[in-house]
Amino acid sequence: MHNISWESVEHTLDECIKCNICTAYCPVSAVTDRFPGPKYVGPQAQRFRDIGQHESPDASVDYCSGCRVCNDVCPTGVNIAEINARARAEIVDKRGISLRNRLLGRNETIGMLGNIAPTVANFALHNPLSRILAEKVMGIAKEAPLPRWSENGSLREWLQRTTRKRLRAPKKVVYFHGCATQYYEPFVGKAAIAVLEHHGYEVIVPPQNCCGLPMLSNGEFEAARGYHQRNVATLSSFARGGFPIIGTSTSCTLTLKEEAPELLDMRDEASEELVHGTWDIFEWLRELHEQGELRTDFRPLAMVLPYHAPCQQRAHRIGKPALEILDLIPELDLRESRARCCGIAGTYGYKTEKYQIAMDVGEELFSFVREQGPDLQYTACDSETCRWQLEHGTDIASRHPIEFLAAAYGLYDLDKRALL
Amino acid sequence: MIDLLVIGAGLTGLTAAIRAAQAGLTVRVISQGVGSQLWGAGTIDLLGYLPDHTPVQMPLVAREQLPPEHPLRQVDAATIDKALASVQDWLAAEGFAYVGADQGANLWLPSAVGAKRPTYIAPSTQAAARLDDPAPLHIVGFDRLRDFYPTLLADNLRRQGHDARAHMLPLDLITQRHDANNVHLAQEFEEPARFDALVGSLRYVIKPGERIAFPAILGLAKHAQLVADLQSAIGAPIAEIPTLPPSVPGFRLHNALSHQLEKAGGRVETNMKPLEFGTEKSKSEKDNITWVATATSARPRRHYAHAYLLATGGFLGGGFNTDHTGRSWETVFNLSLTLPRHRDQWFRPEFLDPAGHALFQGGVQVNHAWQPVDAQGKLVYGNLWAAGNLLAHADAIRSRSHEALAIVTAAAAVEAILVQHQPAISAGSATSSRT
Amino acid sequence: MRQLQTEILVIGGGSTGTGVAWDAALRGFQTVLVEKRDLTHGTTGRYHGLVHSGGRYVVKDPRSAEECIQENRILRQTHTHCIEDTGGFFVVTPEDEGDYPDRFERACHDVGIPCSEISIAAALKQEPLLNPRTSRVFQLPDAAADSFLATHATAQAARQAGATLLIYHEVLDLLLQGAEGDRRVVGARVRDMTNGEEVMIHADMVINASGAWAGQIAKFAGVDVKIIPGKGVMIAMNHRIVNTVLNRCKMPADGDIIVPIHTVAVIGTTDEKVTDPERLRIEPWEVALMLEEGEKMVPGISRARVLRAWAGVRPLYQEGFSGESRDVTRALTLLDHRQRDAVSGFLTITGGKWTTFRLMAETTLDKACEQLGIRRPCTTATTPVPGIEQGHYWLGHRLHEVEEEHLQPELICECELVTRAMLEQAVQHNPTVTLDDLRRDVRLGMGPCQGGFCTYRAVCILHTLAQNAESPPPQASSPNERLDSAWEVAYLQSPAHNSKVPGKAPASTTSITSGETSTPIPSFDANLLLRDFLQERWKGLTPILWGQQLKQERLDELIYLSLLNVEHLPGEEATSPLTDFYRYNPQPEQFPVNPPEPTEESSHD
């Protein structure tokens, strides 16, 4: 149960003037009747919810993917997506949570378990038989783009191996890698560390937890609170000391900055310090650029590159810094996607009953990519689950923008996804 | 640093940004949500009624009867014509034909409840329902569509002497969806073969000479082609009548103008809530604005520009706010407003009083160069301009001037900005705007 | 002229009059009720919805408190679905000093009102926005009632017991017999407001239950009843800021209650003596006072969105009283005009409060029986009205049903979750002269946008319905002829129930009328309905338009002026029986006007 104050997101329902612009733009209600739209499940339904009630009156809010397009287009400033997230948590609180959603919320644990024997884990997870089983037993769509564990070890294992090679310097930043980089895509972390070191920064990677977002979006607020509290405990001291905390997973940085404190009503001093100390990597690089400190020793990258700013990135409300920075790379022909959402929305598209909705939502993006020409090598996107969905929907490899930047600095092989 | 930061993505902000970008300025538009076009009919109203409620036939002539301080009196007729014509050109380039009546007269079009509404320029599909055309209107509605009802519409038109009849069809003819959002329906309408069943059920009930009027849900980007196809399949002229918000014609208008802006090299960033701004003394001893900061997920983000255009609209757009004490304020720069101080002076006893409510005559006062001035008439900031429905002395909803007021004052303000900020000035400045 | 013969004629269709008709019919009397507008149009439909536990009066007027707790217990049984069991807090804020809380606690104990003091932490857990500087909190069995639904349900019960209810029937005169000093009231001449037709109603006993209008009715009998109309202003917040009834633990005064009712929270109320119960205006200081007082219990409330303001008028009566209205007793008063004025066949029931309406009816009928020389016991306390099987109302009720039945595409009033079927059922089974009547039936237009979207939709649906009716009814068809046929209100507010019987009368298990078909759809002047309702909504908005609600109003203006151009629809000259009432919306003469100086101990309901 939430501790309601005047700052709570629920009170932003007062801003709603019922114009339904959010519904007009909602990518989910555009493709399915199961989701009656953000205004309906958000500010409208909220007037019929009483946090003390023994029963949650509604169910369709579960079909909100949490993409936040509604927040983006709302002319009056209703925090619709957050109202929905809290309503979902109320439902979980009253009716409990499925094993599937509990599992999907725990990607850190799953990542850790698979990392013990990644090859076995990949086989166990990805063979057709177990996918059918997972669909039948758990309700995880058998076609959904689940990640593969890194078979070269986790990012932390790499960091331990390369401790002596890492740059030591007076200028220091903290790196928040998130679970996906840690267990599935350590190369994104390596690219980020290489770029930061290229600018003369020592990169500190302190112990860290899952940011808690998967649990927040599956309505498990109390478990998420534990994760966030531990992150606050370990990271806020760095923020206090003036070290920027930089992340490559844009959903993780969004959670640390805003989603967790807002949804969990955590407004204590340490949480605030973490909020103000956290940066999305390109947001930070843009600052560097605006101060004239971004290195421009780029090699040309001659290619057409569709770039999709994912929903969680847009939710930062910082513009599209990755686009601005990548635009500095010679010969890189960037094509900006206007698609609303790729559909996956974290773990939403993994669920059997939502898989097709996610694919239908993503079609806007997939067709944009297809329209950019037949010989595309890559697409770029700041969020891991969105990249997996993009690859699933287009059969074109997708990379984090930092991988392109690292490649342009001559530090990284885009094909092999490895440092040079 | 960019040349021009436009605050607000309504018609004022978008058209100003397009003009400025086309003139060579680097432009960014920030807005709190998507623009306000989705609230309106997608038409461009110039002047429908005078303050004494006289219906206006020739808006450019009748304009002379507006109070001298009215924003539309601050520009000449040629400027108005030119400003509106350029918007027509941009929309035409995006595939949307916007037309007016002959010789500068107002168009009179049916509203969704069957009243005659005056407008100056309308999408050609809306203008196809013009009421000075004697051809009978066959108004088609869909049973589960909650924002459009042909029966009352046709009855009211008949009460006013127009030849009209209503025809209700099942919504299943055009969609398998249960959802009834106009924009979603319009989007679905673009899918191939979507209107075959519709054509089938209409072809044999149409009388010769009739025009077929639909709720405005006939497609989005492919609207023009769809209407042409529908027209030849049914064999009668096709018209659209705008529904309650969210408005499909408004959605098309918004997308078309946003695309024009992108083509001109500008961009819109949404979900940008202005929080604070910085100032400095300029050479002319007048304060200049140095940055405007917007809320992000963490720390405020500063937008630096040479010039700033305030286009946040009035009460509806979010340009002004008020509280229960009767206090009112302009929301970005805290400019002074010409509103009645006490709440009891704000409204008239009757909602539909032709004179309108005093509160909505209030707003931001500007000088001849469209720069905000204070209560004493003194310039407030050297590099701030204002345009659109936040301007004082016009209740554009009451007078049916909403869209033209936005477009015309935006054009005039950009002209004034260009006097001070020639594109050359910014040639050497770093740009964060992408083309 | 039409003639009707009955044993008992009740004047007034508020909670009291309807309760009297119910009681009379249950006792086996032939009963007719007349109301000049819609049921609950007067004071009943303009109150905050508090079902008193008695705590509010327990120190000052223990007898009244005892009545309240007794009726509170009964109504939970007889009108279950009209009541939300919110519970109530009596809170001691920093402004409330002295020994009142101790006296309060003792008095509750003495009267037998369950009252338990709870910790501030527990109170804040239940009501997080409660003033954290509150020093004590007592928990009492207050509740919230839907006074529209409760009166409709009572009216249905009355009909089922044989009563005839004639709404939109105004009393023009009382029928008198005998000379001065031995006068007898034998009926009333009334007029059907919808078609101007006059009806003569002959009765053995006329009961004046017209509340604040009781003086005007009594005058027809040559009897002087001095009603002191006490205006109370209430403001509804845009959403349920609290979910428990909050009362200040002190002597009752202005702005010291917040009642969560349906989707809103109502701050009430003021008490100002007025001269005309029809012409009420809301002064800015009254709105400011409500918010200021609300702040003391819920700090921050004055910055939240206000939905609407309205004023109701209490029928206060005190024999020979000439002071301030706030000092008039709240006890019920039954005037026996035979004894008091030597006019027989005539009783006036006034004073009291919504919570005790049943008791008022019982008292009145006991007296009527005595005067008619018939002994018939009252059974209302043990006879539930139709619909109680739905259980207590809960906030999520409508949303839950809409979700379960997937009725989202059917919503016409999206704010209050009114489906098309609810609207169509209500208009076919409840007399509808204005959209405001439908508002009272199904809550149409009562949400944040105040009719911004649903006024247009509802008018068009009604118009289409009337056009599609196979044989359009003659214009003379009175709403009451429709009323007299099958009338089902028990499930009026249930989206799910109405969705299951599209276009037909809801199946009723309790209906006494069998074989009756649904009533014909009246033909509406749609443009008039539209204009009337926009003006009706506007009237309650003007006192509170600022902030978000002003933005909403501007969107509504854009819709009705720019998009629909409703002020240029044909038929501008047409008026309804209520057009003038809606247009009376005076602006205060000056601002700020200071409120009158508060008196030491004032009394409120």
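Residues numbered from 1 in each chain as written. Chains lettered and ligands numbered in written order. Predicted model: local features only at pLDDT ≥ 70, side-chain atom pairs only at ≥ 80, totals over all residues.

Q: What's the story with the overall build of chain A in this structure? I'm lost.
A: Counting its secondary structure elements, chain A contains 21 helices and ten strands. Over its C-alpha atoms, taken along the principal directions, chain A stretches across nearly 60 × 50 × 45 Å. Considering chain A as a whole, with its 420 residues, one finds that 59% of them fall into the buried category. Taking all contacts inside chain A whose residues are at least 6 apart in sequence as the whole, residues at least 24 apart take part in 77%. (Helix = DSSP H or I, 4+ residues; strand = E, 2+ residues; numbered from the N terminus. Buried ≥ 20, exposed ≤ 12 C-beta atoms within 10 Å, placed from the backbone. Contact = placed C-beta atoms within 7 Å.)

Q: Which parts of the structure should I look at to understand the overall build of chain C?
A: A tally of regular secondary structure across chain C gives 18 helices and 23 strands. Counting only contacts in chain C whose residues sit at least 6 apart along the sequence, the fraction spanning at least 24 positions is 76%.

Q: Looking at this structure, how should I read the sheet that holds strand β7 (residues 378–381) of chain A?
A: Sheet strands associate in pairs through backbone hydrogen bonding, adopting either a parallel or an antiparallel arrangement. Residues and elements named next belong to chain A. Reading across from one edge, β6-β5-β7-β8 is the order of the four strands in this open sheet, with parallel pairing throughout. The open sheet has two free edges, formed respectively by β6 (332–336) and β8 (397–399), since each of these has just one partner strand. Mean inter-strand twist for the sheet, computed between neighbouring axes without regard to direction, equals 35°. As judged from the two bridges shared by strand β5 (residues 303–308) and β7, these two strands associate in the parallel manner. Its bridge partner being in β7, Tyr-307 is matched across the sheet by Ala-380. (Pairing = 2+ DSSP bridges. Axes fitted to C-alpha atoms, helices over the stretch in contact; angles between N-to-C directions.)

Q: Honestly, the interface of chain C and chain A in this entry has me stumped. Any pointers?
A: Much of the literature gives interface size as the accessible area that the parts lose upon coming together. Contacts between the two partners involve 29 residues from chain C, matched on the other side by 27 residues from chain A. Broken down by secondary-structure element, the contributors of at least two residues to the side of chain C that touches chain A are α10 (397–405) and α17 (547–563) of chain C. Counted by class, the side of chain C that touches chain A contains eleven nonpolar, twelve polar and six charged residues. (Nonpolar A, V, L, I, M, F, W, Y, C, P; charged D, E, K, R; others polar.)

Q: Explain helix α3 (residues 100–111) of chain C here, please?
A: Working note: α-helix, 3.6 residues per turn, so residues spaced by three or four point in the same direction. Residues and elements named next belong to chain C. The terminal C-alpha atoms of α3 lie 16 Å apart, and with twelve residues this matches the ideal 16 Å at 1.5 Å per residue to within 8%. Listed as buried for α3 are Pro-101, Phe-104, Ala-107, Cys-108 and Val-111. Within α3, the buried residues cover an arc of 125° as seen down the axis, which keeps them to one side. Those residues of α3 that are exposed and angled more than 90 degrees off the buried face are Asp-102, His-109 and Asp-110. In this structure, the buried residues of α3 make contact with α2 (62–78), β5 (88–92) and β7 (136–140). At the C-terminal side of α3, Gly-112 shows a positive phi close to 95°. (Expected span 1.5 Å × (residues − 1). Arc of directions from axis to C-beta.)

Q: Looking at this model, I keep getting lost on the environment of Asn-383 of chain B. Mind explaining?
A: Residue and element names in this part refer to chain B. Position of Asn-383 among the secondary structure elements: in the loop between β16 (328–330) and β17 (384–386). Along the primary structure Asn-383 and Ile-289 are separated by 94 residues, whereas in three dimensions their C-alpha atoms are 6.4 Å apart. Excluding residues within four positions of it along the chain, Asn-383 makes contact with Asn-288, Ile-289, His-306, Ala-307 and Tyr-308.

Q: Please clarify how the packing of helix α2 (residues 38–46) of chain A against helix α4 (residues 80–95) of chain A should be interpreted in this entry.
A: Geometry of a packed helix pair, given as the angle between the helix axes and the separation of the axes. All names here are of chain A. With their axes 9 Å apart at the nearest point, α2 and α4 run at an angle of 70° to one another. Of the possible angle classes, the one that applies to α2 and α4 is roughly perpendicular. Contacts from Pro-38, Val-41, Gly-42, Pro-43 and Gln-46 in α2 reach Ile-80, Ile-83, Asn-84 and Ala-87 in α4. Residue composition of the contact of α2 with α4, grouped by class: six nonpolar, three polar and no charged. (Parallel < 35°, antiparallel > 145°, perpendicular 65-115°, else oblique.)

Q: Just to check I follow, could you spell out the nonpolar core for this structure?
A: In this structure, Leu-4, Leu-309, Ile-407 and Ala-413 of chain B together with Ile-207 and Leu-423 of chain C are the most contacted members of the largest nonpolar core, which totals 447 residues. Examining the composition of this core, we find that twelve residues originate from one element, helix α11 (residues 402–420) of chain B, more than from any other. (Core = buried A, V, L, I, M, F, W, Y, C linked by C-beta atoms within 7 Å.)

Q: Any chance you could explain the interface of chain B and chain C here in plain terms?
A: On the side of chain C, 45 residues touch chain B, which itself brings 41 residues to the contact. Of all the secondary-structure elements, those providing two or more residues to the side of chain B that touches chain C are β5 (116–119), α5 (150–159), β15 (320–322) and α10 (396–399) of chain B. Broken down by element, the residue count for the side of chain B that touches chain C peaks at four residues, all from α5 of chain B. Looking at side-chain class alone, the side of chain B that touches chain C contains 18 nonpolar, eleven polar and twelve charged residues.

Q: Explain the confidence of the model for chain C here, please?
A: Should pLDDT be low for a region, the predicted coordinates there are not to be read in detail. Residues and elements named next belong to chain C. On average, residues of chain C score 89 in pLDDT, and 88% of them reach the 70 mark or higher. Here residues 470–487 is a poorly scored stretch, pLDDT under 50, and it has 40 contacts once near neighbours within four places are set aside; other chains count. Throughout residues 502–520 the model reports pLDDT below 50, and contacts reaching past four residues in sequence, or to other chains, amount to 34 contacts. (pLDDT = per-residue confidence, 0-100.)

Q: Even after reading the chapter, I still don't get the environment of Val-59 of chain C, so can you show me in this structure?
A: Tracing the chain through its elements places Val-59 of chain C in the loop between β3 (50–51) and α2. Separated by 49 residues in the primary sequence, Val-59 of chain C and Cys-108 of chain C have C-alpha atoms spaced 8.1 Å apart.

Q: What's the story with the sheet that holds strand β8 (residues 143–145) of chain C in this structure? I'm lost.
A: Residue and element names in this part refer to chain C. Spatial strand order, β3-β8-β4: three strands in an open sheet with antiparallel pairing. Edge strands, defined here as strands with exactly one partner in the open sheet, are β3 and β4 (83–84). With two bridges joining them, β4 and β8 adopt antiparallel strand pairing. Across the sheet, residue Glu-84 finds its bridge partner in β8, namely Ala-144.

Q: What should I look at first to understand the packing of helix α19 (residues 352–371) of chain A against helix α20 (residues 384–394) of chain A in this one?
A: Residues and elements named next belong to chain A. Their axes nearest at 9 Å, the elements α19 and α20 cross at an angle of 70°. In terms of orientation, α19 lies roughly perpendicular with respect to α20. Between α19 and α20, the residues in contact are Met-359, Gly-362, Leu-365, Phe-366, Val-369 and Arg-370 and Gln-389, Leu-390, Gly-393 and Thr-394, respectively. The residue makeup of the contact of α19 with α20, split by class, is five nonpolar, four polar and one charged.

Q: Please clarify how the pairing of strand β7 (residues 137–142) of chain B should be interpreted in this entry.
A: Side-chain direction in a regular strand flips from residue to residue, so the side chains alternate between the two faces of the sheet. All names here are of chain B. Within β7, six of the six residues are buried, which leaves the element mostly enclosed by the surrounding structure. Strand direction decides the pairing type here: β7 and strand β8 (residues 164–169), joined by six bridges, are parallel. From the neighbouring strand, Ile-139 faces β8, where its bridge partner is Ala-166. As paired elements, β7 and strand β9 (residues 211–215) share three bridges and run parallel to each other. Looking across to β9, one finds that Leu-137 is bridged to Arg-211.

Q: I'm lost on α11 of chain B in this one. Help?
A: In this model, α11 of chain B (19 residues) spans 28 Å end to end at C-alpha, consistent with the 27 Å of a helix rising 1.5 Å per residue. The element α11 of chain B is extensively covered by neighbouring structure, given that 15 of its 19 residues are classed as buried.

Q: Help me understand the environment of Thr-382 of chain C in this model?
A: All names here are of chain C. Mapped onto the fold, Thr-382 is located in the loop between α9 (357–372) and α10. For Thr-382, a count of 9 C-beta atoms within 10 Å puts it in the exposed group. Once the C-alpha coordinates of Thr-382 and Gln-77 are considered, the two residues, 305 residues apart in sequence, prove to be 7.9 Å apart.

Q: Sorry if this is basic, but what is going on with unusual backbone geometry here?
A: Trans is the common state for peptide bonds, and a negative phi is the common state for residues other than glycine. For the bond from Pro-245 of chain B to Pro-246 of chain B, the omega torsion is 0°, close enough to zero to count as cis. Tracing the chain through its elements places Pro-246 of chain B in the loop between β10 (238–241) and α9 (248–263). Looking along the chain, the bond that leaves Gly-268 of chain C and enters Thr-269 of chain C is cis, with omega of -10°. Tracing the sequence through the fold places Thr-269 of chain C in the loop between β16 (264–268) and β17 (272–273). The phi dihedral of Arg-317 of chain A falls on the positive side, at around 55°, and the residue is not glycine. Structurally, Arg-317 of chain A can be placed in the loop between α17 (311–314) and α18 (321–326). Although it is not a glycine, Asn-271 of chain B sits at a positive phi angle of roughly 60°. Inspection of the secondary structure puts Asn-271 of chain B in the loop between β11 (267–269) and β12 (274–281).

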